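# A structural walkthrough
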Amino acid sequence: MFNLNHISTALVGFPIAVAVLVIAVTSIFEWVGKSGRKYPPGPKGIPFFGNLFQLSKQDFEEWGHKYGKANRISLAHPADAYGDMAYLRVFGQGILLLNSHTAAVDLLDRRSGIYSDRPSFVVLNSLTRGLFLGAISYGDVWRRMRRGGHECLSKASTSRYHGLQEREALLFTENLLKDSKDWHQEVSRVSISLLLSTVYDVPPTLSMQDPVIEKFNKFDNLIIDATFPGNYLVEFFGWMKFLPSVFAPWKTRMANGFTEFSAFFERLCLDIEKQIDEGDEKSGIAGYVIREQKRLGLTKSEAAWLPATFLNLCLSQVTEAILWFFLAMVAFPEQQRRCQQELDAVVGRSRMPTVEDAESLPYIRATGTSALETDFTTRSVFRLVENMHRLKIHTGTQHVTKQPVRSFIVCKDDWYQGRFIPKGTMCFAHIWLMNRDKKIYGEDAEDFNPGRFLDKEGRFVPIVGETKDGYLESEGHVAYGFGARICPGRYYANDALFIIFARLLWTATISPVTDQRTGKPMIPDLKDTVGDGITMRPPTFDIKVSHRFSEAATLMSQTKELLG
Ligand code: HEM
């Protein structure tokens, strides 16, 4: 944990003269560096600390609007709903907030050669030694590992996971119908079960007490610890990495973590290798990577870390998307009914839906897309940057995950819209703001409205609106990021979420519980979120899950029997 007190304690330890010198030299460098160049607009900071002390006072969204306006003056398209950029500094580190699709696509997509690097987090690197795909520098190792990931998860290859996605969706539905009291726990279970099967080709995970799950949770906690903004002063003062371990205990902890988890990931892969040698097909991600290791040019460590990284990077995303979906179903029963009407009309009541039905179920696809795009999952994606607040006002438990996967480091000086963006700037895409851009989504951009993803004939349209250059293709939202680092698991995630939602709604109705005192349904506050991370989850609330029609239970059992 870290808060301003930590900074104060650390700074007080400095000999005052050295501290003054450092501040003076840094300020001079900053001033010389800035002079004569027009940087993107942003709030004025103070020498040395930059905008650090404003982070807890200013709302980033407000900055998006305020400095956006200033920027608009120089824009060729003054009608833009938001300006494109805001620029901040913290301890000399430049931070660029990208507020519009236009800027994000122009820089992160079109100039991906310059904008695809990740910040080099000292502590994270000592834990992962450059083997954690989401945080690897843009270079050869990233290319090799990313290619492996792409081959396993490209649109064309996702059909190999449909069987297991359908199986998991069925078990999930069955469990919730048996007991929905601990439905949050069941969402965590189905997510980990789905991903362990996908990555390591294992049977469904029925208990959260599984030692493999415990080990992955331990790894996740260490990643969170290593990446949480402000946890380690060394991320701001690079010279601190030369301190001996006795003054920097994280060094030993992270080095031990690397040894422990490398051995664990290698052991998992070794087991799979043996099974492949014995003639087992092992069609999961790890099996694929092991079989293709030579062709992909991966070392043994890279081949072991790649599947584990996939699991780590997607787990909380998938869990949270499902949680937001439940909130949507409870809060908007009308949308739930429309999904079920569509299921009755297209699939009927004599069989459960499959992933192949997705094309014919546009309203359900649109509902899933809405859960990703609108008030929900991505509402707090921008908390990533907001977490910089924790430098000043750290409160509560840390839930931030995978911080580095969302940010980019500019690896060459650049100019955009007449503004100078220096090499080394940390770029954050303001996904939350973009997913609410009224120019693209219309006046009801804030609402949960699956209908926005359907055309007049009721067909699913991934392009919900066009910016001046026809941007915003493919998903209809930007929850999966941009450019060369765009989420490689997006096709997989779309299918998995679709079938979980479709099978559940085909079989069951999800409703809020009734408040015993008032007799009214208890709908959680849609603005409430839990967690400090890039993605946030809704607070816990109770639900009822009941069979939608009498034959549903029998049909579900029959479908399960067919699984063998
Ligand atoms: C609801 C589901 C998901 C969401 C919302 C999501 C979102 C994201 C985002 C925003 C990024 C960063 C993109 C950027 O830097 O611009 C990312 C990266 C990544 N995601 Fe996902 N993701 C999801 C599911 C998955 C799944 C299912 C997998 C794998 C099976 C996966 C694997 C990865 C990996 C490996 C990266 C790092 C890519 C790189 O740095 O090159 N994600 N994801």
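For every chain, the first residue of the written sequence is number 1, and numbering continues from 1 onward in sequence order. Only residues with pLDDT of 70 or above have their local features reported here, since the model is predicted, and side-chain atom pairs are shown and tallied only from 80 upward, although totals for entire chains, interfaces and linings are computed over all residues.

With that settled, the discussion passes to the overall build of the chain. Numbering of helices and strands runs from the N terminus; a helix is a DSSP stretch of H or I covering at least four residues, while a strand is a stretch of E covering at least two. Tallying secondary structure elements over the chain gives 21 helices and 8 strands in all. Looking at the chain as a whole, 46% of its 564 residues qualify as buried. Relative to all contacts within the chain whose residues are 6 or more apart in sequence, the contacts with residues 24 or more apart total 72%. Working definition of burial: number of other C-beta atoms within 10 Å of the residue's own, with buried at 20 or more, exposed at 12 or fewer, and partly exposed in between, all C-beta atoms being placed from the backbone. Note on contacts: each residue gets a C-beta atom placed from the backbone, and two residues are in contact if those atoms are within 7 Å.

This part takes up the site of the ligand. Taken together, 24 residues form the shell around the ligand, and within it C314, Q317, G481, C487 and G489 come nearest. Broken down by secondary-structure element, the contributors of at least two residues to the shell around the ligand are α6 (140-153), α13 (300-331) and α20 (490-507). Among the elements that make up the shell around the ligand, the one with the highest residue count is α13 (6 residues). Ten residue types, Ala, Val, Leu, Ile, Met, Phe, Trp, Tyr, Cys and Pro, are classed as nonpolar, four, Asp, Glu, Lys and Arg, as charged, and the remainder, Gly among them, as polar. Partitioning the shell around the ligand into residue classes produces 16 nonpolar, 5 polar and 3 charged. The rule is simple: place the C-beta atom from the backbone, and if it lies within 6 Å of a molecule or strand, the residue is near it.

UniProt positions are given in the numbering used here, feature names are shortened, and annotations may be inferred rather than shown by experiment. Here the UniProt feature "binding site: heme" (unreviewed entry) sits at C487. Structurally, C487 is set in the loop between α19 (438-441) and α20.

Across the 6 residues that make up strand β2 (residues 93-98), a large majority, 5, are buried. DSSP-based pairing: two strands are paired if at least 2 bridges between them are found. Relative to β2, strand β1 (residues 85-90) runs antiparallel, the two sharing 6 bridges. Bridge pairing links A86 to L97 in β2. With antiparallel pairing between neighbouring strands as the criterion, β1 and β2 make up a hairpin whose turn holds 2 residues, including F91 at a positive phi of roughly 50°.

Attention shifts here to helix α8 (residues 183-200). Every α-helix winds through 3.6 residues per turn, so residues three or four apart in the chain are directed the same way. Taking 1.5 Å of rise per residue, the 18 residues of α8 would be expected to cover 26 Å, and the 25 Å separating its terminal C-alpha atoms lies within 8% of that figure. The buried count for α8 comes to 15 of 18 residues, which makes it a mostly enclosed element. Backbone geometry just downstream of α8 places D201 in the positive-phi region, at approximately 55°. Given the number of residues in a helix, its expected span is that number minus one, multiplied by 1.5 Å.

Only buried Ala, Val, Leu, Ile, Met, Phe, Trp, Tyr and Cys residues enter a nonpolar core, and they are joined through C-beta atoms within 7 Å. Formed by 97 residues in total, the largest nonpolar core has its most connected members in L195, A286, I500, F501 and A502. The leading source of residues in this core is α13, at 22 residues. Look past the residues within four positions of L195 in its chain and what remains in contact with it is L311, C314, L315 and V318. Membership of the second largest hydrophobic core comes to 30 residues, among which are I95, L108, I409 and A429.

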